[in-house]
Amino acid sequence: MRRTRILAAVGAGALLLGLAACGDSKDSSDSGKDSTGGKQVEVFTWWTSGSEALGLEEIEKVLKDKYPDIKFVNGGVTGGGGSAKDLLQTRLAAGEPPDTFQVHAGKEAQDYIDAKQVEDVSDLYDRFGLTDVFPQDLIDMLTQDGKIYTIPSNVHRANVLWAAIPVLEAAGLPTDSAQFASIDEFIAALDKIKAATPDVTPLSVGGTWCQVHLLETVLIAELGAPAYNGLFDGSTDWAGAEVKGALEKFGKLMSYTNADRDSMDWEPASQMLLDGKAAFNIMGDWVPALLDSKNLVAGKDYLYAASPGTEGIYDFLADSFSRTVGAPDKAGAEAWLDVISSKEGQIGFNKVKGSIPARTDIDLAAEGFSEYQQSAAESFKSDTIVGSIQHGAAATIKQGADANNAVSKFTTGAMDAAGLATLQQELAAAFAG
Amino acid sequence: MTTTALTGHFDATKVPEAKKPNAGFDWGRLIRYGLLLLFLVIVLIPVYVLLVTSFKGVGDADPSRAWLPPQEWTLENWKVALLGSKSGEYGKIFPVLPALGRTLAMVVPAAIISSFLGSMNGFVLARWRFPYANVVFTLILFGMFIPYQAVMVPLYKIMIQMQSNWGLPSGIPTLALLHIIYGIPITTLIFRNYYQSVPQELMEASRVDGAGMIRTYVSVVLPISIPSFVVVLIWQFTSAWNDFLFASFFGGNAETQAPVTVTLNAIAHGSMMTNYGVSMAAALLASVPTLVVYIFLGKYFVGGLMSGSVKG
Amino acid sequence: MTRIKRYVPPILLISPSLVLVGIFVYYLIFGSVQLSTTDTHSFPQFAGTVPHENVGIDNFVELLRSKDFQHSLKNLLLYTAIFITGTMFFGFLWAWLLDRRSRAEGVFRSLYLFPMAVSSVAAGVVWRWLLNANQGKDASGLNRLFQATGLGFLENGWTTSVSFGIAAIAMPAIWQMSGYVMALFLAGFRGIPGELREAARMDGAKEWQIYRHVLFPQLSPVALSALIILGHMSLKVFDLIVSVTDYRFYPTKAPAVDMANYMNTGDYANAAAVGVILLLVILVLIVPYLIHTAREDRK
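Not measured: the values here are computed from a predicted model. (Residues numbered from 1 in each chain as written. Chains lettered and ligands numbered in written order. Predicted model: local features only at pLDDT ≥ 70, side-chain atom pairs only at ≥ 80, totals over all residues. Heavy atoms only, no water.)

**Student:** Help me understand the overall build of chain A in this model?
**Tutor:** Helices and strands together make up the secondary structure of chain A, namely 17 helices and twelve strands. For chain A, the residues scored as buried account for 61% of the 433 residues in total. Counted over contacts in chain A with a minimum sequence separation of 6, partners at least 24 positions apart contribute 78%. Carbon together with sulfur atoms contributes 52% to the accessible area of chain A, which is approximately 15,500 Å² in total. (Helix = DSSP H or I, 4+ residues; strand = E, 2+ residues; numbered from the N terminus. Buried < 20%, exposed > 50% of the residue type's maximum accessible area, 1.4 Å probe, protein only. Contact = heavy atoms within 4.5 Å. Areas by Shrake-Rupley, 256 points an atom, 1.4 Å probe, with all protein chains shown as cover.)

**Student:** I'm lost on the environment of T384 of chain A in this one. Help?
**Tutor:** Residue and element names in this part refer to chain A. As for its position among the elements, T384 is in strand 12 (residues 384-387). Between the C-alpha atoms of T384 and I313, which are 71 residues apart in sequence, the distance is 4.8 Å. Sequence-distant contacts of T384, that is, excluding residues within four places in its chain, are made with D137, A225, G312, I313 and Y314.

**Student:** Quick question: what am I supposed to make of helix 12 (residues 255-264) of chain C here?
**Tutor:** The α-helix winds at 3.6 residues per turn, so residues separated by three or four positions along the chain end up facing the same way. All names here are of chain C. Buried residues dominate helix 12, accounting for nine of its ten residues. Among all positions of helix 12, only P255, A256, V257, D258, M259, A260, N261, M263 and N264 are buried. Phi turns positive one or two residues past the end of helix 12, at G266, with a value near 85 degrees.

**Student:** Help me out: how do you make sense of the side chain of D243 of chain B in this one?
**Tutor:** Within the fold, D243 of chain B resides in the loop between helix 9 (226-242) and helix 10 (245-250). For the buried D243 of chain B, which has no salt bridge, the nearest side chain bearing the opposite charge is K236 of chain C, at an N-O separation of 9.6 Å. Only 3.2 Å separates the side chain of D243 of chain B from the backbone nitrogen of F246 of chain B, close enough to count as a polar contact. In terms of polar contacts, D243 of chain B uses its side chain to reach the backbone amide nitrogen of A247 of chain B, at 3.0 Å. Among all residues touching D243 of chain B, those that are not within four sequence positions of it are H179 and T261 of chain B. (Lys, Arg positive; Asp, Glu negative; His and termini not counted. Salt bridge = Lys/Arg side-chain N within 4 Å of Asp/Glu carboxyl O. Polar contact = N/O pair within 3.5 Å; in protein donor to acceptor, adjacent residues only side chain to side chain.)

**Student:** Which parts of the structure should I look at to understand the sheet that holds strand 8 (residues 201-204) of chain A?
**Tutor:** The pairing of strands in a sheet comes from backbone hydrogen bonds and takes either a parallel or an antiparallel form. All names here are of chain A. Taken in spatial order, the four strands make up an open sheet running 8-9-7-10, and their pairing is mixed. Both outer strands of the open sheet, strand 8 and strand 10 (302-306), are each paired with one neighbouring strand and no more. With direction set aside, neighbouring strand axes in the sheet form an average angle of 20 degrees. Its contacts with the sheet put helix 9 (residues 208-230) on strand 8 and strand 9 (278-283), and the angle it makes with strand 9 is roughly 80 degrees. (Pairing = 2+ DSSP bridges. Axes fitted to C-alpha atoms, helices over the stretch in contact; angles between N-to-C directions.)

**Student:** How do you make sense of the pairing of strand 11 (residues 313-321) of chain A when you look at a structure like this?
**Tutor:** Consecutive side chains along a regular strand alternate between the two faces of the sheet. Residue and element names in this part refer to chain A. The buried count for strand 11 comes to nine of nine residues, which makes it a mostly enclosed element. Alternating positions in strand 11 separate into two faces, I313, D315, L317, D319 and F321 on one and Y314, F316, A318 and S320 on the other, with burial throughout. Bridging between strand 3 (residues 100-104) and strand 11 involves three bridges; their strand directions are antiparallel. Bridged to Q102 within strand 11 is F321. As paired elements, strand 6 (residues 151-157) and strand 11 share six bridges and run antiparallel to each other. Across the sheet, H156 pairs through a bridge with L317, a residue of strand 11.

**Student:** Just checking my understanding: could you explain unusual backbone geometry for this structure?
**Tutor:** Leave glycine aside and you will find that most residues have negative phi; peptide bonds, for their part, are mostly trans. One non-glycine residue, K116 of chain A, lies in the positive phi region at around 55 degrees. Residue position: K116 of chain A is located in the loop between helix 4 (110-114) and helix 5 (122-128).

**Student:** Please explain the interface of chain B and chain C as it appears in this structure.
**Tutor:** One frequent convention defines the size of an interface as the accessible area lost when the parts assemble. Taken together, the 106 residues of chain B in the interface contact 98 residues of chain C. When chain B packs against chain C, close to 9,500 Å² is buried across both sides, 75% of that on carbon and sulfur atoms. Across the contact surface, chain B and chain C share zero salt bridges. Our count for the chain B to chain C interface comes out at eleven residue pairs in polar contact (both at pLDDT 80 or more). Grouping the constituent residues of the side of chain B that touches chain C by class yields 73 nonpolar, 22 polar and eleven charged. (Buried area = accessible area lost by both parts, 1.4 Å probe. Nonpolar A, V, L, I, M, F, W, Y, C, P; charged D, E, K, R; others polar.)

Below you can see the structure in the form of structure tokens.
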């Protein structure tokens, strides 16, 4: 009795699998069926809220002006890059790609390049005349074997220190500049804050990704640009003494941070500055969008500077787009790439988003960009450019994820010597492959 | 024993509670109510925070002031959450109102169709059996327990193909279909258990009359299925309404296509600035429809559970 | 012949469901199992532009050996234990308190059920605040409430504890599901014939003896269904974790979160392997239940 039951179950299961296989055998050979129904460009981004979404609307406007016959289709998804990338990958794998999609410029695009999911767009660089207007450092970083796969729409800087002037005043620290020549100097200032105003968090930080962000600025400061870059091509040893020293500094810095860091994103952490609850915050230059929305003025209420020990270095991250392999509407994708790299597109988008154009032929002052944006653009032209780990310029998606795991394990643990050793070991493993 | 434990007590609500011969002040009663109130307060703590924060202005809505009432009461958060915001002080915020409409359009057909499928399956498996009905039941039931993430990748491929080959519209219709399919196991389970508790004679009688299966189902079974339909509908309504995993994969555009959990997530965890007051107002708004269902159907929910749907 | 004829209609009626379940459950599981035995650890391999190989059970061996995955499994165990104990306790207690025909029973019942109406995403918005880790002067959320109500000794770092952070996630889960278990038990209580209790009382049984010998045995099937429903929800815990903390937050990792993380990084083989492990765990829990039901049916 029992045996026949099992047999029946297996039989039924096999039958079902057979049915399923039949149902599925039809291949998606006819993707691109939409291409006949008028021109359009489906753009996949995770710019779904806040100033990013507003910036996207600016680009849409430019697209409408320049290419009135191309319809914009927003393939944007739920906020947050994590699930967005996942969804994108699934679409690509299913053979239903959007025409163009957002990707962090640099290493993060590597996966798509290796998977042959994005096309070489060097021809477009020539056609749109981009080779002359993007900084050479940036183009070098985007070039692989003589090919370029992505076109950046905007550039952010990750290594910025933000400081609350009222708090500095109360602690008797200088209020004219927040530039620190080294992490050690910075730690001395943090100690002063701790001693003078024990109620104030010396350095505010948010959840895991913000901590990785902090770590990368410490690595840049302690190693310097060449050795930092070496971390990603194997010429600097992740397991070496230099990195160990930097990690110790990072651990030290974490001891000055807020206990509730893991329950917040970057924004509440930066918000602590304007509430007078924290003195310093190291975060990318999307912070002014927050501070300005509260009517705070740079120089009067807050200071900014390159993060401690990184003056003259521009830790960049950029959003970029590419032409998808098998894009249903190639012309649409090219129109989009033209728009996001054009003067009008970059001005419209970046002014709203708070980032700076990747193009260097734009007069930011004349276009009404903020004072911070103007200074950032100056640095972008003159500084040494290095890539961000957290934001995908210097690390692949997997490396970034592994770094996040390792850092979270460290900062939620005892943060002792054993923890440090594990952190270093895991980081080394993450970047080994 | 288990299958018959609760059989035939549809009138349990009318079972009189034994009156305790009790003279004087009823201390037990006081303690009981005291405890009930205490637990009520504990349960409502998060709701309190949601509520007061939703009425707070921008600086006021901060974790450090979570317990304090608003310095100034404002309806602005509710307005922005409902209708959205294009720019200005609040930046870009997706409106919850149209998302509620979309979610309703997804949940109602999904709940009704999967309930009917479950009811038919349950009837067949409980009362119009065929060889290996138990095996079939087990195979269906197992579907309830799969971790959906485990099947997400191949599932996505299938759905994309259905969309491009059969013209299945993405967004709400796709999600409704998924909720119907993945609702089948639990609706089948509940109805089967219910029908098994219905006295066999009822159906035997119609069988003797020579009524066919469909006629028996329509004229005998359906009319007595109301209690279970309430339970199943509520369950399906809630789980489809609150689903985030499927919604985040198949919901499409968070502003124009997706159900409310996705919209809410975009408001609360958008990649840029979060407005707590608006997030909490949106969170409450997103919960209103399910809440309404519980308030108005809560009594029938318990009643339905009682009438034989909860047995192991 | 007539017998076969009789079987045709029911099989026809059930076949649409069977086909759907066959495709959307079994075929997909089959696909996952297949994927989990390959070395598809990157996007290019998944996309098919770089070949992948069959590696048998290597992924499983490595996962089960990895400290991080063991941490996730330990978390899942702890979460499940606390979540189930908590919901069963409160659910039973509330049902027991409400069973005695309380006045305003409807109000209590609806309000106790209310959290179930709140999605995990919405619950995450507020619980992220309540579980704020600050203590002492900076305390907010529950820690502040503890201070204000003289329960200051209860203050703690909630989700930030590596060993017990996951227990804090169980709190909103208990908050959400206790009402449901209450409804189940309430239904169970009401399903017990009054005569049974009355008879026991007549026999001179004390109140607790009535519970012990009359009510509890009658409630055990209800408890079993509750356990099954809670158990399978618990194993899938995901929405709540990522809305209260974060995908990459170490202390609150669980297998379903690992699976999402693996997928995000293109490691589809390990994602599938984690899924299969969860499936196996569920099987272990569920098979005895299914056998039990089948046995009961035969009686």
